[in-house]
Amino acid sequence: MKNADISFEQLRSRVDIVDVISKYLTIKKYGDNYKGLCPFHHEKTPSFVVSPQKQIFHCFGCGEGGDVIKFISKIEGLSYPNAGIKLAKDYNIKINFKYQDSLEEYFTTTKLVMEIYHTNLLNNLNIPIIKNFLQNRGISKEIIFKFFIGYAPDSYYFISNELEKRGINLELAEKLGIVKRKSDFYDYFRNRIIFPILNIRGEVIAFGGRTLGEDNPKYLNSPETSVYHKGSNLYGLFENKDDIKRDDKVFIVEGYMDMISLYSHGIKNSVATLGTAFTEQQLKLILRFTNNIVFLYDGDDAGVKAAIRGLITAINSDLNPKAVKLPDKKDPDDFVREMGKEDCIEFISKSYDLVMFLKIIISNSIDLKKIENKIKLMERLKKIFSKIDNPLYKDYFIKGIADILTLDEREVKSSLLKYSQSFTKRGVSITSKEKNLDIEDQITSFLLNNTDYISKVESNFITNRNFLLIFEKLMADINLNDILDDDSFDEQQREHIRELALREHSFESSEEKDKFFKELNHQLKERALKSRFKELTANIKKEERENNQEMIKSLIEEQNRIVEQLKILK
């Protein structure tokens, strides 16, 4: 092939992912896929899966995954573009990565965009909606200058026009996620406060935008690009690294505003993840400056679960991380603004290791006097225990849980180890028939592996937004890697999609496969109809209060039609 401007998509389609990965580790054929020990975290039983059909890899242990270029990037410690260049050279593919060979042009463009947005904010500080936002969150001029915070006006063409005036190629800006294109180019960020994201070297790699109106999503992040990978960077690390090193401690939060609010209240040793679960790559960045890690996530269930996952990631790297349990429904941004600096510092100084963190959560939410509650809790704790690789921490965990539940330590150890061994033996041999999988997850997994069935799905019964997005992309004949590249999904959602795509489906005959699909489709329809029936019941009660007889009659008629449909399904 002569020199050509080949895209990443073209490169990864020309290189066999199994051939590439087998040069770095031993992988063995396992059904349609290959399996081996994950090179990105310590494990004794293989949970690292490579799919030659889908050209992706995924670890069911640590969640790492992606395409062949992502693997080279991770294993060699290279940026994504440089990993692509290395891969092309290794396989003698003569290509010309124009924009790869000029990363300086990328970073010059992102820096320019940062400066334009920053200047625009400084010029518009007295606009009421901006002024109120900044004042309410304690964002001073010092903070604006420190983090180069900017403002994208409510315009489709502000940054596009500014870049064109300066001779910047908008196709380059599109590759960087700054503009998008339909018939013409338009701005990705509109009516938002802009937070530039810098890598550890201080280069601008992406942006986050917080809406000033009622737009959804509230926070809009740059899509992943050849220079920006969410799981490999942390917001605020470049700016705050000296404070982290001086204090020998880092607070890890989930959002830009969480980090900014802490900083504005004098807590300057924090960083924010970028819409992903805490990763080993992020951990390695932090370890350059401190070994003392404290997770300061939201106080709701999602925040607690994310903190537990983060704690386990650090524990498996032989660290002793801590976490703070904020009051329910409070995030660090809310908390520090309500409590003030001194009270907040005092509160977050009381951080806990994984076992004590669990103890606080359990004692605040579960009545352990009831044996049935202990049984249910043990099932949840088994899953946490199975993800811990550190043998010393496993022993500590067993002792701690026995104490919390006031159970015999030997019984707890036997129960936890038995589950852990069972979990390990199962490895990735998890079929989509698992009962604990949501019905839409099951059918998504099936369709990702059997795209010829996609036209048979009745889309009007799909209620899950992510499933609908995947369904529409499969209908448009978009391949899995392009689905995973889509900025409609964050990193956690991509991880989940990879897991679903790599679940094994074994059928003895096409008849059995047809029967399985029909059952999934049947359940999908049944659940959608029951959900609609419940919604109609609530609407009828509302209309009864208004004595709206016409509407009540219409709603009851719809309910009756649903009852008839459900009878047919049975």
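Just so it is clear, the model here is predicted, and its values are computed rather than measured.

Visitor: Tell me what's going on with the confidence of the model for the chain, and back it up with residues and numbers.
Guide: Low-pLDDT stretches of the model should not have their predicted coordinates read in fine detail. Model confidence for the chain is summarised by a mean pLDDT of 86, while 93% of its residues fall at 70 or above. In the model, residues 423-436 has pLDDT below 50 throughout and makes 30 contacts with residues more than four positions away in sequence or in other chains.

Visitor: Now, about a positive patch on the surface: what can you tell me, with residues and values included?
Guide: Together, Lys-305, Arg-309, Arg-380, Lys-383 and Lys-387 line one region of the surface with positive charge. Those elements giving two or more residues to the positive patch turn out to be α13 (301-315) and α17 (371-386). Relative to the elements of secondary structure, Arg-380 occurs in helix α17. The exposure class of Arg-380 is exposed, given its relative accessible area of 52%.

Visitor: Kindly report on the sheet that holds strand β6 (residues 150-152), identifying the contributing residues and their values.
Guide: Sheet strands line up and pair through hydrogen bonds in the backbone, either parallel or antiparallel. Here we have 4 strands laid out as an open sheet, ordered β6-β9-β10-β11, and antiparallel in their pairing. The open sheet has two edge strands, β6 and β11 (219-221), and neither has a second partner. When strand polarity is set aside, the average angle formed by the axes of neighbouring strands in this sheet is 35 degrees. As judged from the 7 bridges shared by strand β9 (residues 192-198) and strand β10 (residues 204-211), these two strands associate in the antiparallel manner. Looking at the pairing, Leu-198 lines up with Val-204 of β10.

Visitor: Tell me about the pattern of salt bridges, and please be specific about residues and values.
Guide: Applying the stated criterion to the full structure yields 20 salt bridges. Residue Asp-67 is joined to Arg-12 by a salt bridge in which the shortest nitrogen-to-oxygen separation is 2.6 Å. A residue pair is termed long-range when its members are at least 10 positions apart, and Asp-67 in the loop between β5 (65-66) and α3 (68-76) and Arg-12 in helix α1 (residues 8-14) qualify at 55 residues. Glu-526 is the salt-bridge partner of Lys-530, the closest N and O atoms lying 3.7 Å from each other. Residue Lys-530 and its partner Glu-526 are both found in helix α24 (residues 510-546); the two are separated by 4 residues, about one turn of the helix. Judged by its relative accessible area of 45%, Lys-530 is partly exposed. One network of salt bridges, in which partners are shared, links Glu-64, Lys-70 and Lys-74.

Visitor: Tell me about the pairing of strand β4 (residues 56-59), residues and numbers included.
Guide: Burial along β4 is two-sided: the face carrying Ile-56 and His-58 and the face carrying Phe-57 and Cys-59 are both buried. In the sheet, strand β3 (residues 48-51) pairs with β4 via 4 bridges, with the strands oriented antiparallel. Across the sheet, residue Ser-51 finds its bridge partner in β4, namely Ile-56. Hairpin connection from β3 to β4: 4 residues lie between these consecutive antiparallel strands, with Gln-55 at a positive phi of about 55 degrees. What sits between β4 and β5 in their antiparallel hairpin is a turn of 5 residues, with Gly-63 showing a positive phi close to 90 degrees.

Visitor: Quick rundown of α3? Include the residues and the values.
Guide: The α-helix winds at 3.6 residues per turn, so residues separated by three or four positions along the chain end up facing the same way. Within α3, 7 of the 9 residues are buried, leaving the element largely enclosed by the surrounding structure. Taken together, the buried positions of α3 are occupied by Val-68, Ile-69, Lys-70, Phe-71, Ile-72, Ser-73 and Lys-74. Its side-chain oxygen at 3.0 Å from the backbone nitrogen of Ile-69, Asp-67 defines the N-terminal cap of α3. Once α3 finishes, Gly-77 follows within two positions and takes phi at roughly 70 degrees, a positive value.

Visitor: Would you mind going over the side chain of Lys-382 in detail, with residue names and values included?
Guide: Among the structural elements, Lys-382 can be located in helix α17. On the accessibility criterion, Lys-382 (13% relative accessible area) is buried. Among the polar contacts made by the side chain of Lys-382, one reaches the side chain of Ser-415 at a distance of 3.5 Å.

Visitor: Account for the pairing of β9, with residues named and values stated.
Guide: Within β9, 7 of the 7 residues are buried, which leaves the element mostly enclosed by the surrounding structure. Here β9 shows no split at all, with Arg-192, Ile-194, Pro-196 and Leu-198 on one side and Ile-193, Phe-195 and Ile-197 on the other all buried. Two elements, β6 and β9, share 3 bridges in a ladder whose sense is antiparallel. Directly across from Ala-152, in β9, lies its bridge partner Arg-192. Between the antiparallel neighbours β9 and β10 lie 5 residues, among them Gly-202 with a positive phi of about 90 degrees.

Visitor: Provide a residue-level description of the nonpolar core, including the pertinent values.
Guide: Ile-149, Leu-163, Tyr-235 and Ile-260 are the most contacted members of the largest nonpolar core, which totals 66 residues. Contacts of Leu-163, omitting those with residues within four sequence positions, involve Leu-112, Val-113, Ile-116, Ile-168, Leu-170, Ala-173 and Ile-178. Counting residues in each nonpolar core, the second largest holds 47 residues, with Leu-285, Tyr-297, Ile-308 and Ile-384 among its members.

Visitor: Got a sec to walk through unusual backbone geometry? Specific residues and values, please.
Guide: Along the chain, Asn-216 connects to Pro-217 via a cis peptide bond; the corresponding omega equals 0 degrees. Within the fold, Pro-217 resides in the loop between β10 and β11. Phi is positive for Gln-55, close to 55 degrees, though the residue is something other than glycine. Notably, Phe-148 is not glycine yet its phi reads approximately 50 degrees, a positive angle. Note that Phe-148 resides in the loop between α7 (141-146) and β6. For Phe-148, a relative accessible area of 32% corresponds to the partly exposed category.

Reading guide: rules and limits
Residues numbered from 1 in each chain as written. Predicted model: local features only at pLDDT ≥ 70, side-chain atom pairs only at ≥ 80, totals over all residues. Heavy atoms only, no water. pLDDT = per-residue confidence, 0-100. Contact = heavy atoms within 4.5 Å. Patch = residues over 30% accessible without salt bridge, like charges linked within 9 Å, V, L, I, M, F, W, Y side chains within 5 Å. Areas by Shrake-Rupley, 256 points an atom, 1.4 Å probe, with all protein chains shown as cover. Salt bridge = Lys/Arg side-chain N within 4 Å of Asp/Glu carboxyl O. Lys, Arg positive; Asp, Glu negative; His and termini not counted. Charge placed at Lys NZ, Arg CZ, Asp CG, Glu CD. Helix = DSSP H or I, 4+ residues; strand = E, 2+ residues; numbered from the N terminus. Buried < 20%, exposed > 50% of the residue type's maximum accessible area, 1.4 Å probe, protein only. Pairing = 2+ DSSP bridges. Axes fitted to C-alpha atoms, helices over the stretch in contact; angles between N-to-C directions. Polar contact = N/O pair within 3.5 Å; in protein donor to acceptor, adjacent residues only side chain to side chain. Core = buried A, V, L, I, M, F, W, Y, C linked by side-chain atoms within 4.5 Å.

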